Amino acid sequence: MIPGGGMPDMQQLLQQAQKMQQDLAVAQDELARTEVEGQAGGGLVKATVTGSGELRALVIDPKAVDPEDTETLADLVVAAVQAAHENAQALQQQKLGPLAQGLGGGSGIPGLPF
């Protein structure tokens with residue numbers, strides 16, 4: 001109900017919902033095209049992911065490669081990918097957070113990662 005006791009205009013509510021849905025689709029498309037980077041070992045390993053979390057590139061500095069210690073290299077790769085994913089999640093929050101607020105909050109909305 002709206003102030004004054006009247007009923008909300010259903011057509012207006014539907015238009016607002018469609019606009020939010022379109023804005024969300026645009027933001028999700030933009031996230032899928034935007035790349036963010038994470039790094040580990042002072043930049044020895046760099047991972048690039050899309051804003052939606054897809055791993056696109058992994059760069060390993062030759063100085064990080066020690067045939068006698070592949071465990072450290074594996075740890076650096078995992079850390080770089082995790083850092084990139086954290087950056088992607090921050091980007092998602094930045095792009096999709098305001099849209100989720102317009103839908104009545106951010107938690108519990110199916111299909112949204114936050």
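Residues numbered from 1 in each chain as written. Predicted model: local features only at pLDDT ≥ 70, side-chain atom pairs only at ≥ 80, totals over all residues. Heavy atoms only, no water.

Participant: Summarise the overall build of the protein; cite the residues concerned and give the values.
Facilitator: Scanning the protein for helices and strands turns up two helices and three strands. Secondary structure elements of the protein, listed N to C terminal, follow the sequence α-β-β-β-α. Taken over 114 residues, the protein has a buried fraction of 27%. Surface accessibility of the protein: about 7600 Å² in total, with carbon and sulfur atoms responsible for 53%. (Helix = DSSP H or I, 4+ residues; strand = E, 2+ residues; numbered from the N terminus. Buried < 20%, exposed > 50% of the residue type's maximum accessible area, 1.4 Å probe, protein only. Areas by Shrake-Rupley, 256 points an atom, 1.4 Å probe, with all protein chains shown as cover.)

Participant: An account of the sheet that holds strand 3 (residues 55-60) is needed here, citing residue identities and associated values.
Facilitator: Paired through their backbone hydrogen bonds, the strands of a sheet run either parallel or antiparallel. Pairing is antiparallel across the open sheet formed by three strands, whose spatial order is 1-2-3. Taken across any chain shown, the strands that pair with only one partner, and hence form the sheet edges, are strand 1 (35-40) and strand 3. In this sheet, neighbouring strand axes are inclined to one another by 15° on average, regardless of whether the strands run parallel or antiparallel. Bridge analysis of strand 1 against strand 2 (residues 45-50) gives six bridges, and the strand direction is antiparallel. Bridging across to strand 2, Q39 finds its partner in K46. (Pairing = 2+ DSSP bridges. Axes fitted to C-alpha atoms, helices over the stretch in contact; angles between N-to-C directions.)

Participant: Can you lay out the pairing of strand 1 for me, pointing to particular residues and giving the numbers?
Facilitator: Of the two faces of strand 1, only the one carrying V36, G38 and A40 is buried; E35, E37 and Q39 on the other face are not. If you look at the hairpin formed by strand 1 and strand 2, you'll find four residues sitting between the two strands, and G41 has a positive phi there, around 65°.

Participant: Any details on helix 1 (residues 10-33)? Residues and values, ideally.
Facilitator: In a regular helix each residue adds 1.5 Å, so 24 residues correspond to 34 Å; helix 1 covers 35 Å between its end C-alpha atoms and thus fits that length. Among all positions of helix 1, only L24, A27 and L31 are buried. The N-terminus of helix 1 is capped by D9, whose side-chain oxygen sits 3.1 Å from the backbone nitrogen of Q11. (Expected span 1.5 Å × (residues − 1). Polar contact = N/O pair within 3.5 Å; in protein donor to acceptor, adjacent residues only side chain to side chain.)

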